[in-house]
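# Summary of structural features
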Amino acid sequence: MRTSWADSVANSASEIAVADNNPLPRPTRSTYVPPHLRNRTASEAPTLSGPVTDRAGFSSAAGGSQWPRWGGGSGGNKPESGRPAQGYGYPGAGRGGGGGGGWNNNRSGGWDRREREVNPFGDDEEVDTEHPFNEQENSGINFDAYEDIPVETSGDNVPPPVNTFAEIDLGEVLNQNIRRCKYVKPTPVQRHAIPIALGGRDLMACAQTGSGKTAAFCFPIISGIMREQYVQRPRVARTVYPLALILSPTRELSCQIHDEAKKFSYQTGVKVVVAYGGAPINQQLRELERGVDILVATPGRLVDLLERARVSLQMIRYLALDEADRMLDMGFEPQIRKIVEQMDMPTRGVRQTMLFSATFPREIQRLASDFLSNYIFLAVGRVGSSTDLIVQRVEFVQETDKRSHLMDLLHAQRENGIHGKQALTLVFVETKKGADALEHWLCMNGFPATTIHGDRTQQEREMALRSFKSGKTPILVATDVAARGLDIPHVAHVVNFDLPNDIDDYVHRIGRTGRAGKSGLATAFFNEGNLSLSRPLAELMQEANQEVPAWLTRYASRAPYGGNKNRRSGGGRFGGRDFRREGSFSRNLDYYGGGNSSTAAYGVPGNYGGGYAPGVTSAWD
DNA sequence: AAAAAAT
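Residues numbered from 1 in each chain as written. Chains lettered and ligands numbered in written order. Predicted model: local features only at pLDDT ≥ 70, side-chain atom pairs only at ≥ 80, totals over all residues. Heavy atoms only, no water.

## Observations concerning the UniProt feature "short sequence motif: Q motif" (unreviewed entry) in chain A
Under the feature "short sequence motif: Q motif" (unreviewed entry), the UniProt entry names residues 163–191. The span residues 163–191 shows a helical share of 45% and a strand share of 0%, and its end C-alpha atoms are spaced 6 Å apart. (UniProt positions renumbered as here; feature names shortened; annotations may be inferred. Helix = DSSP H or I, 4+ residues; strand = E, 2+ residues; numbered from the N terminus.)

This is how it looks when you write it as structure tokens:
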């Protein structure tokens, strides 16, 4: 039987009082610490925030600091990754003044910020330290859906995966937050990616957001920053020096990552700030000035901040690109190169770089390798594993019939729904104008809808998302701005009103449902305008054990090879192969290689039974 | 051709 989190917390509250040897003040409202008693550890090291081993509550000092102490002057290195000794300079040295020396620890501004930190978990209850990772607890993630998922890794000396959070020494404070999040055991991507990241290795990972991808790169980053005894950063007027940078392709996704990272870093002293366009910059500047360890950002706003010299990347130790293939495609690549290669960020091999996405076209992998050093490639998933959870339907609908067809779907859905309530339905269209038009039409016809796309103000976008999540407008019409990464609970149905031209986009779109191991439905409207998608779509559906309509198979068999960019560029659909391994020996398996072997890929159902089939797709972000 | 991302 399931025990609620609140119950177990209540039951163990008295034990905690004894068992908890965490020196930090509790986040309870009743605990008032007068100013003169605050920040006692800091008084032992006046300009710094105190030894992090105290703050983090690590069970041992094993490993020690992975990086050279910035104030110590010793040129240590990261033994695990064999990085060269780093001769960091001390930018701004001598410019600071006064008592504490010329350094400013941005993480602690004279008092311990944690005492004022808003509890992102919305309660002030303690967590169960007596029964860490109690298997009876339930995070809401359906772990059974993740059993026996095959994993492919390549690269030198891949650290072995772990099976439990307890096996990883992330630090007690972070462990508490993991329990507060009700994560009982790591998801497959976390099991593999966290040890790799903690080992200081660069990583290219194909993984599913719904199963905790954000945590997979956040935990090691937060833990790594905490493990620093302290970090001394330059003090240059109005410039801040984050230690970690997380980039994502949309503003809403950056916000989401920020929210998650804030939860994970609660009470750790690690400060997370988000910066994105469309919102007043002054507020973001103020947040930055209050100190930042982890900066989550969209590229445009970050470039702005860098050009204003309000942010410097020279202290960056961790770089994470979420939706990395998107970040490196034509639209974004120049900006990313500018940020990573042409500003003041430490070079690859000096910083640690982690790229995450589900889809990783070979061409993008090749590009991405510019940013990586001796990296490990990780692919988590199995033929049809995740998309098994999403029922995919394709219907032949002429352009002129799409609206009435959608109306039929929505009516049927409403009638089958509980109390006649409309289930959350996400409708993807091709254009911003089309989104507005469809939204208007739906509203006119009695279906409360809203829309999200790049022509709306940021306020409108955020309002639309809130209104959808809350069920106030249970239909959200969206462009591809909402296709990737967004974790919207309870999306029952994704409708591809207009299909995308790229199968990877389709994979990301339908992945907005069937999250966290739950089931979902995806319906696509297909017509002659989508011929180039017929082959990859039919393949994908077949590989995911979906029913492929005969008419679609016919279209697919007639469709010219190469109509889809992924066929050419090397597919990145799951099953994701490390492009470094695609030498001549695997030519006959390389369905995406541009060779004629690819024609063998289609219509060979015999391969799909077990294990990997090359070029397999799933809804893994 | 469209979408996203700075003002």
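## Remarks on the environment of Asp 329
You can see Asp 329 is positioned in the loop between α10 (324–327) and α11 (333–342). Distance in space between the C-alpha atoms of Asp 329 and Leu 367 is 9.1 Å, their sequence separation being 38 residues. Within the structure, the side chain of Asp 329 is placed 2.9 Å from the side chain of Arg 326, a separation counted as a polar contact. (Polar contact = N/O pair within 3.5 Å; in protein donor to acceptor, adjacent residues only side chain to side chain.)

## Considering the pattern of salt bridges
Scanning all chains against the criterion turns up 26 salt bridges. Salt-bridge contacts for Glu 252 lead to Arg 461; the nearest nitrogen and oxygen are separated by 2.7 Å. Separated by 209 residues along the polypeptide, Glu 252 in helix α7 (residues 251–264) and Arg 461 in helix α15 (residues 458–470) bring together distant segments of the chain. Comparing Glu 252 with Arg 461 shows no difference in burial state: the two are buried. (Salt bridge = Lys/Arg side-chain N within 4 Å of Asp/Glu carboxyl O. Buried < 20%, exposed > 50% of the residue type's maximum accessible area, 1.4 Å probe, protein only.)

## Let's talk about the nonpolar core
Grouped together as the largest cluster of nonpolar side chains are 72 residues, with contacts concentrated most on Phe 219, Ile 221, Ile 294 and Phe 356. Looking at which element gives the most residues to this core, the answer is helix α6 (residues 213–227), with nine residues. Two domains each put at least three residues into this core: domain 1 (1–381) and domain 2 (387–608). Not counting residues within four places of it along the chain, the set of residues in contact with Ile 221 comprises Ala 244, Ile 246, Ile 294, Tyr 318, Ala 320 and Met 354. Grouped together as the second largest cluster of nonpolar side chains are 40 residues, Leu 245, Leu 305, Leu 328 and Phe 371 included. (Core = buried A, V, L, I, M, F, W, Y, C linked by side-chain atoms within 4.5 Å. Domains from an automatic or database assignment. Contact = heavy atoms within 4.5 Å.)

## As for the packing of aromatic side chains
Within the structure shown, the criterion is met by 13 aromatic pairs. Considering the side-chain rings of Phe 526 and Tyr 555, the 5.7 Å spacing of their centres and the 45° angle between planes classify their relative orientation as tilted. With a gap of 29 residues between them, Phe 526 in strand β16 (residues 520–526) and Tyr 555 in helix α18 (residues 550–558) connect regions that are remote in the sequence. For the pair shown, Phe 526 and Tyr 555 are each scored as buried. The rings of Phe 165, Tyr 183, Phe 219 and Phe 264 are connected pair by pair, giving a single aromatic cluster. In this structure, Arg 558 packs its charged tip against the face of Tyr 555, placed 5.4 Å from the ring centre. The ring of Tyr 375 carries Arg 580 above its face, with NZ or CZ at 3.7 Å from the centroid. (Phe/Tyr/Trp six-rings, centres within 6.5 Å; stacked < 30°, edge-to-face > 60°. Lys NZ or Arg CZ within 6 Å of the ring centre and 35° of its normal.)

## Brief notes about the protein's contact with DNA strand B
Lining the immediate environment of DNA strand B, one finds 25 residues, of which Gly 277, Arg 301, Lys 432, Gly 454 and Arg 461 sit closest. Between Thr 298 and DNA strand B, the recorded distance is 2.9 Å, taken from a side-chain N or O atom to a phosphate oxygen. Within the backbone of Gly 300, a nitrogen or oxygen atom sits 3.0 Å from a phosphate oxygen of DNA strand B. Among the elements that take part in the surface near DNA strand B, helix α9 (residues 299–307) stands out by supplying five residues, more than any other. Residues that form the surface near DNA strand B fall into these classes: five nonpolar, twelve polar and eight charged. (Near = heavy atom within 4 Å. Nonpolar A, V, L, I, M, F, W, Y, C, P; charged D, E, K, R; others polar.)

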